[in-house]
Amino acid sequence: MENSNLEPKKASFEILPLSKSLPFFCKWLVILGFVSLLVGSASAFFLVSLEKVSQLRESNLWIVYFLPFAGFIIGWFYFYYGKNVSKGNNLLLEEIHSPTSIIPIRMAPFVFLGTLVTHLFGGSAGREGTAVQMGGSIAHQLVRFLPMTIKEQQTLIILGISAGFASVFGTPLAATIFAIEVIRIGSYRLRLIFPVFLTAYIAHWVCLFWGVSHSHYPKIPFDFSGTIFLCLVVLGIVSGWVAKLFSVSLHKLSELFQRWILFAPMRPVIGGVILVLFFLLGLDASFLGLGLPTLQLSFVNLLPPETVLLKFLVTIITIGSGFKGGEVTPLFFIGASLGNLFGYFDPSHLILFVGIGFISVFAGATNTPLACAIMGMELFGWECGIFFILTTGLAYISSGHTSIYRSQIIGKTKPFSRVSDFGKKISELKK
């Protein structure tokens, strides 16, 4: 459906006379509450459903053998009924960059059901993408009922992104920065920080109101030495390299599936067959789904060295072949297991290395270093905040101009990267 309200009128959140500012403020207060309530409730329902299907798979591992069939169902529905929403998070970013139409409301149920099916049958995917897509599509539906300027429509999507992220991870501060940082690399829409934070915070509490809790992680105590500092610098840089490899591999594999398998519904079938073969060859069930138990275990025990590689492979095969779900929780897993490797050299600081890897690989893959540093503070405590800022910044720089989101625009070129990339989308960069 084409949007008939695309003519610019007034910029959202501009300074208005008192006679106009009060109605403007009341209007947006209602909008913020509405978006927070709907998205927070949708995320709560999604998290409960995701836990149920994960428990069902864990108690009936034979269901993994039907993963190729599940892939066909997902691929078939998206091919025939969801082509214009198959871009996922990239569609949200494109509508923020250049609004052309209302995001179809079917994006929400499609990604919701697609993610549940992926997890039920053992695909390695996350939950951030699902929550963000549900949030953005639900919030954008208000354009159908209220006259809005282009800037206000963009604001709606950003509010939905923050609400989805905050309610699914329980980190409203990080969600606020993520929503305004992810749009353009190196650029921030700071004028939106108050309404975005308010939306994220309320959505988070709505999710808690429904009795849905979030994962809890250990607090990381502050400790400093020259050896620790050197390890963190190396870990930050390597995290960026791993994030870059993940993004490039994911996009390359997706392109190969599209080039070699012309009938789209068969792509996740082939991906599912590969994953089932991995399972038959001895892949541990802990690599299926979110992998939260192993993620939690990585803070206290040394994991097998191949853990990071195995999760890396099963995730890019799952998502690259067309299964639905986010990349963030698998990136947490990959980052945590990468940090866990540093525990072999210094076991006494295992918890610090795991926490650093947890947020730094995510920072490099999404180009959101500040949001990831704040997420570290919310999850692991504020004592090591300076370490989080250091390593997420290093990961951001060393990942170069790559991203899991191909519609991100480079608003500021990174050090040691091509200046000529400025203003381009990730998808437009030279190979």
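Model, not experiment: these values are computed from the prediction.

**Points about the pattern of salt bridges**
If you walk through the whole model with that rule in mind, you get 4 salt bridges. Measuring nitrogen to oxygen at the nearest pair gives 3.6 Å for the salt bridge that ties Glu152 to Lys27. Of the two residues, Glu152 sits in helix H6 (residues 150-169) while Lys27 sits in helix H1 (residues 18-59), which places them 125 residues apart along the sequence. Residue classification places Lys27 among the partly exposed residues on the basis of a relative accessible area of 28%.

**Some words on the side chain of Ser403**
Relative to the helices and strands, Ser403 resides in the loop between helix H16 (385-398) and strand S2 (409-410). Polar contacts involving the side chain of Ser403 include one to the side chain of Gln408, which spans 2.6 Å. Leave out the neighbours within four places in its chain, and Ser403 touches Ser247, His251, Ala365, Thr366, Asn367, Gln408 and Ile426.

**Quick look at the packing of aromatic side chains**
The final tally for this structure, using the stated rule, is 34 aromatic pairs. Look at Trp62 and Phe66: their rings are 6.2 Å apart centre to centre, the planes differ by 85°, and that puts the pair in the edge-to-face class. Here Trp62 falls in the exposed class, since its relative accessible area comes to 52%. The partly exposed category is assigned to Phe66, whose relative accessible area is 43%. Aromatic side chains Phe342 and Phe353 sit 6.0 Å apart centroid to centroid with 55° between the ring planes, which places their arrangement in the tilted category. Pair noted here: Phe342 is in helix H13 (residues 328-342) and Phe353 is in helix H14 (residues 350-366), with a separation of 11 residues, a long-range link. Judged by its relative accessible area of 0%, Phe353 falls in the buried class. Taken together, the ring pairs in this structure connect Phe165, Phe169, Phe178, Tyr217, Phe299, Phe332, Phe358, Phe362, Phe380 and Phe388 into an aromatic cluster. For Lys414, the ring lying beneath its charged end belongs to Tyr396, and the centroid distance is 4.3 Å.

**Notes on helix H4 (residues 107-120)**
Given a rise of 1.5 Å per residue, 14 residues ought to cover 20 Å, and the 20 Å separating the end C-alpha atoms of H4 matches this to within 8%. Most of H4 sits out of view: 11 of its 14 residues are buried. For H4, the set of buried residues is Met107, Ala108, Phe110, Val111, Phe112, Gly114, Thr115, Leu116, Thr118, His119 and Leu120.

**Digging into empty space enclosed by the protein**
The final tally for this structure, using the stated rule, is 1 cavity of 30 Å³ or more. Its volume calculated, the largest cavity comes out at about 70 Å³. Every residue lining the largest cavity is listed: Asn89, Leu92, Leu93, Glu128, Val132, Ile161, Phe178, Val182 and Tyr405. Of all elements in the fold, only helix H3 (89-97) and helix H5 (128-140) reach the threshold of two or more residues within the lining of the largest cavity. Residue contributions to the lining of the largest cavity peak at 3 residues, all from H3. In terms of residue class, the lining of the largest cavity is made up of 7 nonpolar, 1 polar and 1 charged.

**Side note on the state of the cysteines**
This model, assessed by the stated rule, comprises 0 disulfides. With no disulfide partner, Cys231 has as its closest neighbouring cysteine sulfur the one in Cys384, 14 Å distant. For Cys231, a relative accessible area of 18% puts it in the buried group.

**Structural notes on the nonpolar core**
Residues Phe358, Phe380 and Phe388 are the most contacted members of the largest nonpolar core, which totals 127 residues. Considering every element that reaches this core, the biggest residue donor is H1, with 12 residues. Not counting the four nearest positions on each side in its chain, Phe388 is found in contact with Ile220, Ile356, Ile359, Ala373, Gly376, Met377, Phe380 and Gly381. If you look at the next biggest cluster of nonpolar residues, it comprises 5 residues, including Ile185, Tyr396, Ile410 and Leu429.

**Considering the packing of helix H2 (residues 67-81) against H4**
Between H2 and H4, the shortest axis-to-axis distance is 10 Å and the interhelical angle comes to 165°. Regarding the angle of H2 to H4, the classification is roughly antiparallel. Where H2 crosses over H4, the handedness of that crossing is left-handed. Each of Leu67, Ala70, Ile74, Phe77, Tyr78 and Tyr81 in H2 lies in contact with H4, whose residues at this interface are Phe110, Val111, Gly114, Val117 and Thr118. A breakdown of the residues in the contact of H2 with H4 according to their chemical character gives 9 nonpolar, 2 polar and no charged.

**Some words on the side chain of Gln141**
Within the fold, Gln141 resides in the loop between H5 and H6. Judged by its relative accessible area of 10%, Gln141 falls in the buried class. A polar contact is formed between the side chain of Gln141 and the backbone oxygen of Ser137, at a distance of 2.7 Å.

**Considerations on the confidence of the model for the protein**
As a general rule, the predicted coordinates of low-pLDDT regions are not to be interpreted in detail. Of the residues in the protein, 95% reach a pLDDT of 70 or more, and the chain-wide mean stands at 92. Predicted confidence is poor over residues 1-13, with pLDDT under 50, and the contacts of this stretch with residues over four places away or in other chains come to 35 contacts.

**Focus on the layout of surface pockets**
Size it by volume and the largest pocket reaches roughly 990 Å³. In terms of lining residues, the largest pocket is bounded by 38 residues, among which Ser86, Lys87, Ser254, Gln258 and Lys324 are the most central. Broken down by secondary-structure element, the contributors of at least two residues to the lining of the largest pocket are H2, H3, H5, helix H9 (226-260), helix H10 (267-280) and helix H12 (307-320). For the lining of the largest pocket, the element with the most residues is H9, which contributes 6 residues.

**As for the environment of Leu198**
Tracing the backbone shows Leu198 in helix H8 (residues 193-209). Looking at Leu198, the relative accessible area reads 23%, which means it is partly exposed. C-alpha separation for the pair Leu198 and Ala163, spaced 35 residues apart in sequence, amounts to 9.1 Å. What Leu198 contacts, discounting residues up to four positions off in sequence, is Leu29, Leu32 and Ser36.

Basis of the calculations
- Residues numbered from 1 in each chain as written.
- Predicted model: local features only at pLDDT ≥ 70, side-chain atom pairs only at ≥ 80, totals over all residues.
- Heavy atoms only, no water.
- Salt bridge = Lys/Arg side-chain N within 4 Å of Asp/Glu carboxyl O.
- Helix = DSSP H or I, 4+ residues; strand = E, 2+ residues; numbered from the N terminus.
- Buried < 20%, exposed > 50% of the residue type's maximum accessible area, 1.4 Å probe, protein only.
- Polar contact = N/O pair within 3.5 Å; in protein donor to acceptor, adjacent residues only side chain to side chain.
- Contact = heavy atoms within 4.5 Å.
- Phe/Tyr/Trp six-rings, centres within 6.5 Å; stacked < 30°, edge-to-face > 60°.
- Lys NZ or Arg CZ within 6 Å of the ring centre and 35° of its normal.
- Expected span 1.5 Å × (residues − 1).
- 1 Å grid on protein atoms, 1.4 Å probe; cavity = no way out; pocket = protein on both sides within 12 Å on 5 of 7 lines; lining within 4 Å.
- Points joined across faces, edges and corners; volume = space filled by probe spheres on them.
- Nonpolar A, V, L, I, M, F, W, Y, C, P; charged D, E, K, R; others polar.
- Disulfide = S-S within 2.5 Å.
- Core = buried A, V, L, I, M, F, W, Y, C linked by side-chain atoms within 4.5 Å.
- Axes fitted to C-alpha atoms, helices over the stretch in contact; angles between N-to-C directions.
- Parallel < 35°, antiparallel > 145°, perpendicular 65-115°, else oblique.
- Left-handed = near helix turned anticlockwise from the far one by under 90°.
- pLDDT = per-residue confidence, 0-100.

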